[in-house]
Each structure stands twice: as C-alpha cells, then as structure tokens.
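A closer look at the structure
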Amino acid sequence: MALLEIQNLTKSFYGIPAVDHLNLSIERGEVTGLIGPNGSGKTTIFNCITRHLESDEGVILFKGKDITHTAPYRLALSGLTRTFQTIRVFSELTVLENLLVALQQHQEDSVISRLLRSPSIRKFERVAREKADEALEFVELTYVRDLKAGHLSYGQRKLLALASCFVFEPDIILLDEPTAAVNPTMINKIKEHIRILNQKGITFFIIEHNMEFIMDLARRIIVLEQGQKIAEGEPRDIQTNEMVLEAYFGR
Amino acid sequence: MGKKLLLPLLVIILLGMPLIVRLPYFLHILILSAMYVAYALSYDISAGHLGSVSLAHPAFFGTGAYVTGILAPMFGTPFWANFLLAAALVMILAFIMAQPAFRLADISFAIVTLGLAVSLQLVAQNWVELTRGPMCINNIPAVSLFSKGSSVLLSSLQGYYYLFLLVNIVVIVIYRLVTTGRIGRTFTAIRNDEILSATQGINVLRYKQLAFLIGAALAGGVGSIWAHYMTVVCPDYLGLSYTLNLLIIVFIGGVTNYRGIIVTAVVLTIVPEVLRVAPSIRLILYGILLFLAIVLMPEGLAGLVDSVRRRLRKSTSELQSAAAENQSASDSNDATPFSE
Amino acid sequence: MDIFILHLINGITLGAMYALVATGLSVVFGVLRMVNFAHGDLFMLSGYLLVFLYVEKGVPYGLAVVFTVAGMVLVGFLFERIVIRPVVHRTWRIQLIATLAASIVLTNLAILIWGTTPRQAPTILSQNVFRVASVNISYQRILLLVVAVVSFLLLTWFVQKTRTGKAMRAISQNREASVVYGLDIHGISSITFGIGSGFAALAASIITPLYSVEPTVGAMVMMKALAAVILGGLGHVRGTIYAAVLLGITEALFAGYVSYPFRDAAAFIVLIFVLLLRPQGIFGRKVSI
Ligand SMILES: Nc1ncnc2c1ncn2[C@@H]1O[C@H](COP(=O)(O)OP(=O)(O)OP(=O)(O)O)[C@@H](O)[C@H]1O
Ligand SMILES: [Mg+2]
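Read on for an overview of the structure.

Thresholds applied
- Residues numbered from 1 in each chain as written.
- Chains lettered and ligands numbered in written order.
- Predicted model: local features only at pLDDT ≥ 70, side-chain atom pairs only at ≥ 80, totals over all residues.
- Heavy atoms only, no water.
- Helix = DSSP H or I, 4+ residues; strand = E, 2+ residues; numbered from the N terminus.
- Rg over C-alpha atoms; globule rule 2.2 N^0.38 Å.
- Buried < 20%, exposed > 50% of the residue type's maximum accessible area, 1.4 Å probe, protein only.
- Lys, Arg positive; Asp, Glu negative; His and termini not counted.
- Charge placed at Lys NZ, Arg CZ, Asp CG, Glu CD.
- Contact = heavy atoms within 4.5 Å.
- Areas by Shrake-Rupley, 256 points an atom, 1.4 Å probe, with all protein chains shown as cover.
- Donors = N, O, S within 2.8 Å, 3.2 Å for Na, K, Ca; no water.
- Patch = residues over 30% accessible without salt bridge, like charges linked within 9 Å, V, L, I, M, F, W, Y side chains within 5 Å.
- Salt bridge = Lys/Arg side-chain N within 4 Å of Asp/Glu carboxyl O.
- Axes fitted to C-alpha atoms, helices over the stretch in contact; angles between N-to-C directions.
- Parallel < 35°, antiparallel > 145°, perpendicular 65-115°, else oblique.
- Left-handed = near helix turned anticlockwise from the far one by under 90°.
- Pairing = 2+ DSSP bridges.
- Buried area = accessible area lost by both parts, 1.4 Å probe.
- Nonpolar A, V, L, I, M, F, W, Y, C, P; charged D, E, K, R; others polar.
- Near = heavy atom within 4 Å.
- Polar contact = N/O pair within 3.5 Å; in protein donor to acceptor, adjacent residues only side chain to side chain.
- Expected span 1.5 Å × (residues − 1).

1. Focus: the overall build of chain A
Within chain A, the regular secondary structure consists of 10 helices and 10 strands. At 19 Å, chain A has a C-alpha radius of gyration in line with the 18 Å of a compact globule built from 251 residues. Taken along its principal axes, the extent of the C-alpha atoms in chain A is 60 × 40 × 35 Å. Relative to its full complement of 251 residues, chain A shows a buried share of 58%. For chain A, the centre of its 29 positive side-chain charges and the centre of its 33 negative side-chain charges are spaced 7 Å apart.

2. A look at the overall build of chain B
Within chain B one finds 15 helices and two strands. A total of 340 residues make up chain B; the buried ones form 58% of that total. Sequence separation of at least 24 residues holds for 76% of the intrachain contacts in chain B that already meet a minimum separation of 6. A total of about 14,300 Å² of accessible surface is found on chain B, and carbon and sulfur atoms cover 70% of it.

3. Considerations on the coordination of the magnesium ion (ligand 2)
Residue and element names in this part refer to chain A. Summarising the metal site, the magnesium ion (ligand 2) is bound by the protein donors Thr43 (OG1) and Gln85 (OE1), whose distances to it range over 1.9 to 2.2 Å. Separated by 42 residues along the polypeptide, Thr43 in helix H1 (residues 42-49) and Gln85 in the loop between strand E6 (80-82) and helix H3 (95-104) bring together distant segments of the chain. Taking the relative accessible area as the measure of exposure, Gln85 reaches 36% and is therefore partly exposed.

4. Overview of a nonpolar patch on the surface
Residues and elements named next belong to chain B. A contiguous nonpolar surface patch, about 690 Å² in accessible area, is contributed by Leu23, Tyr25, Phe26, Val263, Val267, Val271, Val274 and Leu275. For the nonpolar patch, the elements supplying multiple residues, two or more each, are helix H2 (24-47) and helix H12 (258-275). Looking at which element gives the most residues to the nonpolar patch, the answer is H12, with five residues. In this fold, Val267 is placed in helix H12.

5. Details of the packing of helix H5 (residues 106-126) of chain B against helix H12 (residues 263-277) of chain C
Axis separation between H5(B) and H12(C) bottoms out at 9 Å; the angle between their running directions is 140°. Put simply, H5(B) runs oblique to H12(C). Classified by chirality, the crossing of H12(C) by H5(B) is left-handed. Across from Val112(B), Gly115(B), Leu116(B), Val118(B), Ser119(B) and Leu122(B) in H5(B), the residues of H12(C) making contact are Asp264(C), Ala265(C), Phe268(C), Leu271(C), Ile272(C) and Leu275(C).

6. Thoughts on the pattern of salt bridges
For the structure on display, the rule yields 23 salt bridges over all chains. Taking the shortest distance from any N to any O, the salt bridge between Asp171(A) and Lys63(A) comes out at 2.8 Å. You can see Asp171(A) sitting in the loop between helix H6 (154-166) and strand E7 (172-176) and its partner Lys63(A) sitting in the loop between strand E4 (57-62) and strand E5 (65-66), a full 108 residues away along the chain. Exposure remark for Lys63(A): the relative accessible area of 32% places this residue in the partly exposed category. Here Arg119(C) ties to Glu56(C) by a salt bridge, and the two come within 3.2 Å at their closest N and O atoms. Linking Arg119(C) in the loop between helix H4 (92-114) and helix H5 (124-127) with Glu56(C) in helix H2 (residues 39-56), this pair joins segments that are 63 residues apart in sequence.

7. Re the sheet that holds E4(A)
Residue and element names in this part refer to chain A. Read across the open sheet, the four strands follow the order E2-E1-E4-E5; overall the sheet is antiparallel. The open sheet is flanked by strand E2 (16-26) and E5, the only strands paired with a single partner. Two strands pair when backbone bridges link them, and strand E1 (residues 4-13) and E2 are joined in this way by seven bridges, in the antiparallel orientation. Pairing of Leu4 across the sheet is with Ile26, part of E2. Where H1 meets the sheet, its contacts fall on E1, E2 and E4, and the angle it forms with E1 comes to roughly 115°.

8. Looking at the interface of chain B and chain C
The interface is formed by 43 residues belonging to chain B together with 40 residues belonging to chain C. A buried area of about 3,700 Å², summed over both sides, lies between chain B and chain C, and 82% of it is on carbon and sulfur atoms. Taken as a group, Ile107(B), Ile111(B) and Phe291(B) account for 16% of the area that chain B buries against chain C, more than any other trio of residues on that side. Summed over the shared surface of chain B and chain C, the number is zero salt bridges. Those elements that provide at least two residues to the side of chain B that touches chain C are helix H4 (79-101), H5, helix H11 (240-253) and helix H13 (279-296) of chain B. A per-element tally of the side of chain B that touches chain C places H5(B) first, with 14 residues. Within the side of chain B that touches chain C, the residues separate by chemical class into 31 nonpolar, nine polar and three charged.

9. Focus on the sheet that holds strand E9 (residues 220-225) of chain A
Residue and element names in this part refer to chain A. Read across the sheet, six strands follow the order E6-E7-E8-E3-E9-E10 without closing on themselves; strand pairing throughout is mixed. The open sheet is flanked by E6 and strand E10 (228-233), the only strands paired with a single partner. Taken pair by pair, the neighbouring strands of this sheet meet at an average axis angle of 15°, ignoring direction. Note that strand E3 (residues 31-35) and E9 share four bridges and pair parallel. Opposite Thr32, over in E9, you have Arg220 as the bridge partner. Seen against the sheet, helix H7 (residues 184-199) touches E3, E7 and strand E8 (203-207) and runs at an angle of roughly 150° to E8.

10. Observations regarding the site of ligand 1
All names here are of chain A. Neighbouring ligand 1 are 13 residues; Lys42, Thr43, Thr44, Gln85 and His209 lie closest to it. Between an oxygen atom of ligand 1 and a side-chain N or O atom of Asn38, the distance comes to 2.8 Å. Contacts to ligand 1 include Thr44, whose side-chain N or O atom sits 2.5 Å from an oxygen atom. Look at ligand 1: alone it shows 630 Å² of surface, and the protein chains cover 62% of it. Looking at which element gives the most residues to the shell around ligand 1, the answer is H1, with three residues. Here the residues of the shell around ligand 1 sort into three nonpolar, eight polar and two charged.

11. Some details on H2(C)
Residues and elements named next belong to chain C. The first and last C-alpha atoms of H2 sit 25 Å apart over 18 residues, in line with the 26 Å expected at 1.5 Å per residue. Taken across its 18 residues, H2 has 14 buried, putting it largely inside the fold. Of the residues flanking the end of H2, it is Gly58, one or two places downstream, whose phi is positive at about 70°.

12. Thoughts on the interface of chain A and chain B
Tallying the contact residues gives 38 residues for chain A and 33 residues for chain B. Taken together, both faces of the contact between chain A and chain B bury some 3,100 Å²; the carbon and sulfur share is 54%. Applying the counting criterion to the chain A and chain B interface returns four salt bridges. Joining chain A to chain B, the criterion identifies 14 residue pairs in polar contact (both at pLDDT 80 or more). Counting residues per element, the ones that place at least two in the side of chain A that touches chain B are helix H2 (72-77), E6, H3, helix H4 (111-116), helix H5 (119-138) and H6 of chain A. Of the residues forming the side of chain A that touches chain B, the biggest block, six residues, is contributed by H3(A). Looking at the side of chain A that touches chain B residue by residue, the class counts come to 17 nonpolar, 11 polar and 10 charged.

13. Some thoughts on the packing of helix H8 (residues 181-192) of chain B against helix H10 (residues 204-230) of chain B
Residue and element names in this part refer to chain B. For the pair H8 and H10, the least separation of the axes is 11 Å and the interaxial angle reads 115°. One way to sum up the angle between H8 and H10 is to call them roughly perpendicular. Pair H8 / H10 crosses with left-handed handedness. Counting all contacts with H8, which are made through Ile183, Thr186, Phe187 and Ile190, the residues of H10 involved are Val204, Tyr207, Lys208, Leu210 and Ala211.

14. Observations concerning the pairing of E7(A)
Consecutive residues of a regular strand have side chains that alternate between opposite faces of the sheet. All names here are of chain A. For E7, the buried fraction is high: five of the five residues fall into the buried class. Neither face of E7 is left uncovered, since the one carrying Ile172, Leu174 and Asp176 and the one carrying Ile173 and Leu175 both have all their residues buried. One ladder, built from three bridges, connects E6 with E7; its direction is parallel. The residue bridging Leu80 from the neighbouring strand is Ile172, located in E7.

Shown next as structure tokens:
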C-alpha cells in the first residue's frame, strides 16, 4: 500500500483547471520530486493534499485512509505536514518556541493539565526541549535559539520551517521549493539534511525548480504541465525525456 | 533594584488607597476602573491573543449581571457562589453562541457576534416577567460572604474596593495562566499564522473557542459582582456602548499587553470623570483617539513605548544594532496580526 | 388574509429599505473587501440633512431629496479620504475598529448638534394612503419601492456598462492585477464610497418621513443591513438585495404573528440558521483558506 495516493485529482480556478485528473502515488521511504514550469499546478496539488484548498474531484488516500476532507491539523497529527512556498514561521515566538509549539501538539497532555501546569507537563516540556534542541543542533540554528523568528534572515527561516516539520517526526513532509533563494552552500546543507532525515524513515515529496538538486536527491521524478502528469520516472530517464525538454525549454 | 521595589510599592499604594481617597465619589471611580481592568482583560484573552474580535462581550458581562440580579434576591446565596454560577452559565451561553459564530471567518464572525449580542439585549428588554425589561432589576442584595441572613454583609465602599482588587487578582492570575506557557504559546502561534498552525497539528478552532469561553466566563463573573455593587441591572449592560469602551481600552492599551491594558483602563476611567467631560464629548474624543491609535500604532501605547525603548537601546549598543536592523525590516511585514 | 397582505406589504417596504442601505455596504465590500461600520451613521446624517433642508429651510421635498443625496455623495468622498484610505491595506480587525471609531464619533457629534429628541419630516405622500381592498398603504411606501427598483436598475447599468463600473468589477475580482493594469484604485474607492453613501442617503430621504430620525437610528438599520450583506454572500450585491427583502418580509411576518417586541431579532435568527447550513451565505461562493 502506498503511503500517499492521489486518484483523479482535479482543481479549477474560474473554470480553468490548475490540476487536471491527476493520479500519483508515493511509497513509504521514498524521496519524490515534483517538477514543472511556473503555474503548472504544483503548489495547488500540495494545497489540495493538505486541504488548504477544497479539491473539485478526486480522492486522496494517506496510509490507506481517505483524507480528501480531513482538516489540516488532523493530517499533521496523523503524520503529514508541509512547508510553504512563501516561508511561514511564527514571527512573535522565538526559534526554540517555534519548535516547541509544534512538538507539544503531538504530546498527549490535556488542556486542564496545561492550565494547572501539572508535573506531567513539566516532563513533557523537558522532553520537548530536548528534541527541539537536537533539531536546532541538526540544522545549525542553535546560535539563534532565543531570537524571535520574525528577526531571522530568509535562509534561517527556511531552515526553521524545515525543522518545525521534522521535529515531530511525521511520516511524510511535503516541501515546496526548499532551495528557492538560497545560496549554494546552504543548498548542499539542505540536501544533506533531507538525506539524513530520509534515512531515518521520513518520506519526502518535494517541489523544486533546481534540477541539479532534485535529480541528485530524488529517486523518482514526476513532471507536471498544465495540471497534467506528462512524465514520471528515474532522474536519468526524465533528463533525456523529449516531452520534458519541450515543456521546460520549449524545444 | 528599581524593579524589585516597584511591586511592593504598588501593593502598598493599592491597599492604602481607601485611606487616602475618602470621598465616596472618588472611591466609586476607583471601583469602576477596577471593574474595567478585569472586564477589559477578560476581553483581551480572545480578542487580543487570538484576534477573534467579538462584539458580544458585553452580552456575557450583562448576562452574568442578570443571572445574579435574578437569582441572588431569590436564594440569598453568597457572592462567590453567584460569581461561580454566573461564570458557569455564561460559559454555556458562550459555547452555544460559538457554534454558529466560529464557523465564520474574520469580519463575518464579528457581525454575527454583534447580531447575537443585539438579540440577547432584546431579550433583556422584552422578557419583562424575567428581567423587568427597561424598568431594570433593583434591590439586588449587597455581597454576603456566607448565606442568607448571615450578618457578614459587605456594603461599604471600602469593602467593595477590596473585593474588586481581589477580583482583579483572580482575573489576572487566570489571564496569565492561559496566555503564557504551553497554551499561551499556542495562542501566539495561532495569532501569528493560522495556516501554519494547522499544518503543525494545532486545532485552531478549539483553541479559539477555548479562549472565547474563558473570556466569557470571566466577564460573566465580573458582571455578577458588578450587579451586587450597583444593586441594579439594566438592559443597556448588554449594549454596544460597552463594546466600544472595551475596544478603546484594549486597542489603545495594546492587544496582548496586560500591563498596557490595566494602565489604560484606569487612566481612561479616571481622567474624564475628574475632568467632568460631557459623555458625548468624551466619546467623540475617545473615538478619535481610538482611530488614531489603531491607524498609527497598532500595537497600542505599550507598543509605542517599546519601540521608543528599542530605538534608545539601538543607539547605545553596537551589539544589538544588527538584530534590531533585521527586525525593523521584518516589523513592517508581520510584527502582529494587527499590523500585517 | 387582509392582515397577511398588510404584513407582506410592510415586509416588502421594510426589505426595500434594508436593501437600499445594504447595497451601499455590499458595493463597498465588493470593491474594497471591507465592511464599513459607520454606514448606519451615514444613513443617520442623511436623515438630518433632509430634515434640515426640507423642514427647516422649506426646500420642496423632491429637491430636498436630490440635495441630500448629492450632499451625502460628497460626504462619502470625504469619509473615504479621511477614514477609509488610511486603513485600506490593513487587516479586517483594524478596518473594523477604525470604522467603529468613526461611527462613535458621528453618533455623538449628532447628539451634540441635534440632541436626542427624534425629528420628523412628514410629507404629503407619507400622510396620504392608498387603499387596495381594505388595506391602507401610504404613498411614501410606494415611492420607496419605486425608488429602490429604479436605483438598483441604475446601479446595474452603471456597473455593467460604464468604464468606472467595469473598473470596480475588475478591482473586486483581482486587486493586485488591477494595480498592475494601472487602474486608479483610490479614485475608484472614492467613487464606491460616494455610491454607498448616496444609497444610504436615498434610503434615509424616503424613510425619514415615514418614521423619524435620531442619532442612534442608524445602528439598528445598519445591523439588519449587515445581516443582509452576510446572508446574501459578502460582496454579492444582487444576493444582498434578495436577502434584504427576505429579511424584511420575515421581520414583518414575525412581528405580526410571532412576537412584536422581538421582531428585531428575526433577522438574526434567520441569519444564524442559514449560516449553520451555508457558512458562505445564500448566494456566496465558498472562499477557501
Ligand atoms: N487560490 C487561487 N486562486 C486562483 N487561481 C489560483 C490559485 N492558486 C493557484 N491558482 C492558479 O493555478 C495555476 C497553478 O498555480 P500553482 O501555484 O499551483 O503553480 P506552481 O506550479 O506552484 O507554480 P510556481 O512554480 O510558479 O510556484 C496558476 O495559473 C495560478 O494562477
Ligand atoms: Mg508553486
């Protein structure tokens, strides 16, 4: 059974289809790339999966369960999360708190015990702090740990957004252009991070325009044009696929 | 060193106030401002921390007052029981109102809460058998500490002053409990970015409702004590004019900034009373002030003070200048939801 | 049966009045994505302007209506310049509070200037009735219906056919793109407010002779209009008009058959039930995120 499966997904804006009867499936443990020209509907697919948009047609299955109409927060709790193309962080929280707030949602404490600050909360908080510190260590953000996230640079925000996804150990992370506007050194770091996390068992589904990056990282690439899948396969095959070259370079 | 002395000094001033202020009228104003402190803080929990700007808050205060106005004369229950009962019933009311209201986003939410508040006010005006309508419920007994017939009654102004101090302590403690720590952190996350919150597993709706219910319950409790103090409850307790007062206090004081709100509540209650400004002129001035505040300094007076302080620090400290620069660049984007 | 017809006619005229007020709100929302909570106060100011011209200065009624509408269009421009423009790009919360603040100021200015005693402006039309079977309808109500229908037709023509109207539609569909294409957003938003305020003035000039005007008269009318705007689907002008008529009829029937004192709650009861079923309003499209 595929971890994530999309069947016949369709989404139109003002009558124009942005995603057009799309089928795809992602196996557990994979890194899958999603590429395609600007406006080909990549982000829209993510938005439909995480239900930031209501799809017009189609079924989305996650771990075999129909999640087409599941609220985003429930998806996160069941192990599916994402980043956004325009980076989002909680600007008034510190870097550490950004991670803590994500982590604590996945701990089994009750609102009452949180209000009363019961001892169990202190334990949860300690565990969360350890995990958060570990994650910050991993993405090398420890030096800005207590800075408000609103004060971070763009690159730092990207790392933080990535960290707040993997910190609660989801099954799959959808990344929307993780390397956009990031310098080459940082791109390599991000690549390494994703590799290590993938080895730890996190599945990735990544939208990218940086071909070198995604061809190196992904085992399988899906190519989108005008909302339709025009090719799918290993990076080697995709790089030489005529249709893809045409879609991308107009050749 | 100065900070350490501040708190004991404040406590002494607050406790000693009735010894200095002996005119009943001035004591009444102090009590009024204490009521507004608690009332405004209860509003800020949901309106400020979560940005759910409801226009129904006076409905909770007023319902709390009516619950006590109707039940206290009947049963002669002690004031704390009335407080708890009012808070509990109002919480149930808020829960019912939340069901349609929170299905809507943003401005529609505000409008529906306004409609609900207006409907409740109509009930207070027209269900004469229960509320005596525009004739108001009078003769609500003074606060009694135990039960009916007990001789421990609180009816002096001094007594009420201390009672409202106590109410304020209760409200501030609850306010701090829900707006700091794990829950407060989640509130801030939701206020900063609802969409991101959801993708990290935060049940946004549940937290918004939680804040709404807690704020409502507190307002109901404050209303209950206010009914005892005033000895009357009228339909205009539920009216829009109270909403305006709350908005003025919370948004001039600075949303989520409890110190700013406390100071603003006290100042804006005392100043016009002392200057004896006619009510409509006062409201015109407040309206203009509110407009300027919200347009020019969305973080309120307290935010203004903060940014002045930051500027000062920036000029003295080389070290922080880098961070501060980074921040002023981002300030324009996303400092608070109110300045987006 | 006669009673029913009477209630129905009352309801329709009430609906026409709510529709005129709500249209202003809805047009403004459509173009600026903003609810103006001082709209009821513009209605109230129009009532006073009419009383001033017609009762105090003795201007003939028809002319007084024209001057009132023209005057209020100017007030609308001014209002947009002073209150709206500083908050056009801010969050809904700031817009809500800014326009509420404007509403406090206007209501209390009216109290200062005119006091709280209601003013009346009876006209020949409002004092004479028209009999159908055994039902009496004042001519003023018929005027209200005629004016409402004509002004909606005019508005439709304006929005569909004129350059400015087309620009308004463009902005309401896509604000960013409109800026790119060089539409004068400030100019359009001025005109939008002029229209909104003009509709409020039209409503007030015809309704004031039927009732009376006092500083707080705008509040309740405004709330019904708001209910109609949400019910009709925010920014959906035609939906708003239908919803306003629906609310007017419901209110009149509610007042006649259920409870007179609670008639003002009828609109909100309808609103809440509809929203429980369709959070986007009767005619509105669902907005994502
Ligand atoms: N919320 C929306 N409302 C209207 N149209 C939209 C919306 N979201 C996306 N679209 C349209 O759908 C199409 C696909 O957009 P999408 O954002 O999915 O593209 P993309 O493949 O992610 O492009 P890019 O590489 O530039 O990020 C575009 O034509 C876009 O204008
Ligand atoms: Mg995209």
